[in-house]
Amino acid sequence: MNVVYIINIATDKKPGRTVPYKFGIESWRRYCNKYNAKLVVLEEPILPYDDLRPNWHKVFIFDLLEQSNIEVDKILIVDADTIVHPNTPNLFDIAEDKFCVVNNIGSYDWLFRSVENYKKYIFNNYEFDITKYFNSGVLILNKNHKDFFNKVKDFYFSNKDNLIKMQETFFTGTDQPVLNFMCQIENIDMKFLPYEYNMQDLHRREALNENMPYLDMGYIFHFNAIPNNGDNSKTMYWMEATFNRIYDTN
């Protein structure tokens, strides 16, 4: 069975943050119905927020599937702030049993600061290839990657205090930089998909306007990195408008 996995954990630390994600989850529900996949939405945290931020629940996917007695073939992990276009092809067919990712396209200042600080303080000056830095909002993997995810989990718990300090000090990523470094350290065979499969940072690319040009350019729309969006109201606006436009719900 193929699985689409979404983390949608509400927290008092960021009240109301998950409200817009109902549009993304519904779009992925329709995608799963189309391609005969199972949608798994995690809404309950495994550990308290201060011990494990919601993003980190990505690496527990195999544990959760085993506990639910779900036999899995391939897994598509997507952030809750994504919406999938109804014309998107079957991503499980193009994965080729590789770890599929999309390059992180956005603020290169943020990206370089992230790599420099994690390299210095966490990964012992490992020579990281920054051209292969990916966004962890869309990942395709399979059962052969279970051992790798176990290593990432072990690394997190062995370095938890330092990783939390990094998040709170530099604001340059949670799970994403660690997954990036460990993919290179463990020599994971990655397949890089084009930007159309994870269209991030749409505001910086001047795409968030009423014409919604991104709808004619790609398949998965990722509503991250929107400025002046502390209450997530802009995420709500664009996710609702996008969903209504492409699924013609009005």
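Preceding this paragraph is the structure being described.
Residues numbered from 1 in each chain as written. Predicted model: local features only at pLDDT ≥ 70, side-chain atom pairs only at ≥ 80, totals over all residues. Heavy atoms only, no water.

With that settled, consider the sheet that holds strand E2 (residues 38–42). Ordered in space as E2-E1-E3-E6-E5-E7, the 6 strands form an open sheet in which the pairing is mixed. Both edges of this open sheet fall to E2 and strand E7 (190–193), since each of them pairs with a single strand only. Recorded for the sheet is a direction-independent mean angle of 25° between the axes of neighbouring strands. Pairing geometry for strand E1 (residues 3–7) and strand E3 (residues 74–78), over 3 bridges, is parallel. (Pairing = 2+ DSSP bridges. Helix = DSSP H or I, 4+ residues; strand = E, 2+ residues; numbered from the N terminus. Axes fitted to C-alpha atoms, helices over the stretch in contact; angles between N-to-C directions.)

Under the 1.5 Å per step criterion, the end-to-end length of helix H5 (residues 146–158) is 18 Å for 13 residues, consistent within 8% with the ideal 18 Å. Those residues of H5 that are buried are in contact with helix H2 (61–67), E3, strand E5 (99–103), strand E6 (134–142), helix H6 (160–170) and helix H7 (175–185). (Expected span 1.5 Å × (residues − 1). Contact = heavy atoms within 4.5 Å.)

Before going further, it helps to spend a moment on the pairing of E5. With respect to burial, E5 is a largely interior element, 4 of its 5 residues being buried. With 4 bridges connecting them, E5 and E7 associate as parallel partners. Residue pairing for E7: Phe99 is matched across the bridge by Met190. Here E5 runs beside E6; their pairing, made up of 3 bridges, is antiparallel. (Buried < 20%, exposed > 50% of the residue type's maximum accessible area, 1.4 Å probe, protein only.)

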